[in-house]
Amino acid sequence: HCRNCDLEKTPADESWILQDVIIWDKQRALPYSEAGKFRNTFEYILCFSNTDSFKFNLDNIRIADPSEFQQWWVDYPERYHPLGKLPANVWQFTTPSQGAFGELSTSLDHPAPFPPDMVERLLNLTTEPGDTVLDPFSGSGMVLAQAEAMDRNAIGFELNSDYIESYQTLKEAVETRWNDKESVKSIGERQQHLARINGGLRQIKQARELLRHAAKE
């Protein structure tokens, strides 16, 4: 059943179900521009499942950095989830370019590799350590490299022998970057820290509102 147009169709056993759509705002894309068309800066990320039971771990991708919240969040902590703000369905990740990621730059000989941070978010959203990640059009191998760095089992297919030969170098660079990033703070630690701040702010606000009400009485 299509929720947008009320179309009813009996699915085949191998049918896939469109669960959600994400707009990837990538700032630049190929072709960058074309006659008679707007400048191309986005792509669709389509979230399909083949059953009604699937992993969609929203808490794993909540934004737990208060600096990314609206400035008034301190006055209205009850409007924010204790574990962080849920990302909208428009994601801004810039396509990596040569030299964009230091050591990774030597391995990104590809016209449009996926940003590793975006791949990380998708893997945290839909998989857990030990799961298998399949990329049938691997390209530079960014999805596979990030999946392996995050303790997933990665399987990929690619026809370009140059990408296949350079994958090991990319994999090592992604793993190094991931290990450096992990040393900052895990998602769980950031969320726990935010939950303590949010809880404290809610307690302060409750006391303030009680005093304000008492003053009126």
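J.: Just to check I follow, could you spell out the pairing of strand E5 (residues 153-156) for this structure?
T.: Remember that side chains alternate between the two faces of the sheet whenever the strand is regular. Bridging between strand E4 (residues 132-135) and E5 involves 4 bridges; their strand directions are parallel. Looking at E5, one finds that leucine 134 is bridged to isoleucine 155. Once the chain exits E4 it traverses helix H2 (residues 142-149) before rejoining the sheet at E5, and the crossover so formed is right-handed.

J.: Can you walk me through unusual backbone geometry in this structure?
T.: Residues other than glycine predominantly adopt negative phi, and peptide bonds predominantly adopt the trans conformation. With a phi close to 65°, aspartate 6 is a non-glycine residue in the positive phi region. Positionally, aspartate 6 belongs in the segment before strand E1 (17-25). Backbone geometry places aspartate 151, a non-glycine residue, at a positive phi of 65°. For aspartate 151, the location among the structural elements is in the loop between H2 and E5. Judged by relative accessible area, aspartate 151 falls into the exposed class, the value being 56%.

J.: Can you help me understand helix H4 (residues 187-216) in this one?
T.: Note that an α-helix has 3.6 residues per turn; residues three or four places apart therefore point the same way. Between its terminal C-alpha atoms H4 stretches 43 Å, which fits the 44 Å expected from 30 residues at 1.5 Å a residue. When H4 is considered as a whole, its buried residues turn out to be Gln191, Leu194, Asn198, Leu201 and Lys205.

J.: It is not clear to me how the environment of glutamine 203 should be interpreted in this structure. Could you clarify?
T.: Looking at where glutamine 203 falls in the secondary structure, it is placed in helix H4. Exposure remark for glutamine 203: the relative accessible area of 58% places this residue in the exposed category. Sequence separation between glutamine 203 and proline 77 is 126 residues; the distance between their C-alpha atoms is 9.8 Å.

Calculation rules
- Here the residue numbers are simple positions, counted from 1 along each chain's written sequence.
- The model is predicted, so local features are restricted to residues of pLDDT at least 70 and side-chain atom pairs to those at 80 or more, both for listing and for counting; the totals for chains, interfaces and linings are taken over all residues.
- Here the side-chain values reflect all heavy atoms present in the structure, with hydrogen atoms and water set aside.
- Each pair of strands is called paired provided DSSP finds at least two bridges between the two strands.
- A helix here means a DSSP run of H or I that spans at least four residues, while a strand means a run of E at least two residues long, and both kinds are numbered starting from the N terminus.
- The handedness of a crossover follows from its direction of travel: if, with the strands pointing away from the viewer, the path from the first strand over the helix to the second runs clockwise, the crossover is right-handed.
- Accessibility here uses a 1.4 Å probe with only protein chains present; expressed as a share of the type maximum, an area under 20% marks a residue as buried, one over 50% as exposed, and anything in between as partly exposed.
- For a helix, the expected span equals 1.5 Å multiplied by the residue count minus one.

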